[in-house]
2 protein chains.
Amino acid sequence: MGWLDEISWNADGLIPVIAQDATDGRVLMMAWMSRGTLETTQSTGEAVYWSRSRQRPWHKGESSGNVQRVRDIVLDCDGDTLVLLVEQVGGVACHTGRRSCFYRTLADSGWQVTDTVQRDPAEMYGGTTHE
Amino acid sequence: MGWLDEISWNADGLIPVIAQDATDGRVLMMAWMSRGTLETTQSTGEAVYWSRSRQRPWHKGESSGNVQRVRDIVLDCDGDTLVLLVEQVGGVACHTGRRSCFYRTLADSGWQVTDTVQRDPAEMYGGTTHE
């Protein structure tokens, strides 16, 4: 897989991946992929990240159902960051039940929550720990 | 500065920052900020990153003139990644003279260049090394 060899993996063998909604460009989340999970993402068409905390592949949406269907995989000039253009199934990427993980905007008074919860996390995960 | 204390800095004291065009949502680049450069970014309203290769602050556009005027600073759920909504002066974020650093899209044949060069890098940097 020559295209995987053109990536500059970091010291842990990972690359940061920015998931962006293909429909309107909203940045949904940032996570990491290993060589193996990127290959799986490409071949299956659904985003599979590498969970650094659990040290194992993490099929996004495996517990919530909110999988990400991949439209495009885009590499940057240095070859060390990816943008993943996705269709976010269920419209919710964040484990808090919000559309995007980026929901706190800096104001004079500090970080202010600027996005609403779309879906109850307890219902999303049915009592399991969040993905 | 309490808002800076709410950020989960990595082991190197840095946070990844996704610069996104405020006008149409195009992801322009990903870079890193230290506590000091984030504070400067917030107080001056222009993006100042931390150059990991040169180990010093990097005022984006310092040699090319293509500064980024900051509209919003948005933190994610884990507090370990930022989105910077910016107005990209000159319309070019990448040192290759392209609008975005993300210009190689994965196709069956491998990475394909999908963005055109807007500005000659030699003219942008006047013979100096790129920023």
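These numbers were taken from a predicted model, which means no experiment stands behind them. (Residues numbered from 1 in each chain as written. Chains lettered and ligands numbered in written order. Predicted model: local features only at pLDDT ≥ 70, side-chain atom pairs only at ≥ 80, totals over all residues. Heavy atoms only, no water.)

Q: Explain the pairing of strand β4 (residues 56-59) of chain A to me, and be specific about the residues and the numbers.
A: Residue and element names in this part refer to chain A. The sheet contact formed by strand β3 (residues 48-51) and β4 spans four bridges and is antiparallel. Its bridge partner being in β4, S51 is matched across the sheet by R56. Hairpin connection between β3 and β4: a loop of four residues separates the two successive antiparallel strands, and Q55 in this loop has a positive phi of roughly 55 degrees. (Pairing = 2+ DSSP bridges. Helix = DSSP H or I, 4+ residues; strand = E, 2+ residues; numbered from the N terminus.)

Q: Give a description of the interface of chain B and chain A that names residues and reports values.
A: Residue-level contacts link 35 residues of chain B with 35 residues of chain A. Counting each side, the surface lost to burial between chain B and chain A is near 2,900 Å², with a carbon and sulfur contribution of 67%. Where chain B meets chain A, there are zero salt bridges. There are 16 residue pairs in polar contact (both at pLDDT 80 or more) connecting chain B and chain A. Looking at the side of chain B that touches chain A residue by residue, the class counts come to 19 nonpolar, nine polar and seven charged. In the sheet, strand β7 (residues 102-107) of chain A pairs with strand β5 (residues 68-76) of chain B via three bridges, with the strands oriented antiparallel. Residue pairing for β5 of chain B: T105 of chain A is matched across the bridge by V74 of chain B. (Contact = heavy atoms within 4.5 Å. Buried area = accessible area lost by both parts, 1.4 Å probe. Salt bridge = Lys/Arg side-chain N within 4 Å of Asp/Glu carboxyl O. Polar contact = N/O pair within 3.5 Å; in protein donor to acceptor, adjacent residues only side chain to side chain. Nonpolar A, V, L, I, M, F, W, Y, C, P; charged D, E, K, R; others polar.)

Q: Tell me what's going on with the UniProt feature "binding site: Zn(2+)" (unreviewed entry) in chain A, and back it up with residues and numbers.
A: In the UniProt entry, the feature "binding site: Zn(2+)" (unreviewed entry) is given for C77, C94 and C101 of chain A. The greatest C-alpha distance among the annotated residues, which extend across 25 residues, is 28.1 Å, indicating that they are dispersed rather than converging on a single site. Tracing the backbone shows C77 of chain A in the loop between β5 (68-76) and β6 (82-88). Taking the relative accessible area as the measure of exposure, C77 of chain A reaches 17% and is therefore buried. Residues contacting C77 of chain A, with those up to four places away along its chain left out, are C94, H95, T96, C101, Y103 and R104 of chain B. (UniProt positions renumbered as here; feature names shortened; annotations may be inferred. Buried < 20%, exposed > 50% of the residue type's maximum accessible area, 1.4 Å probe, protein only.)

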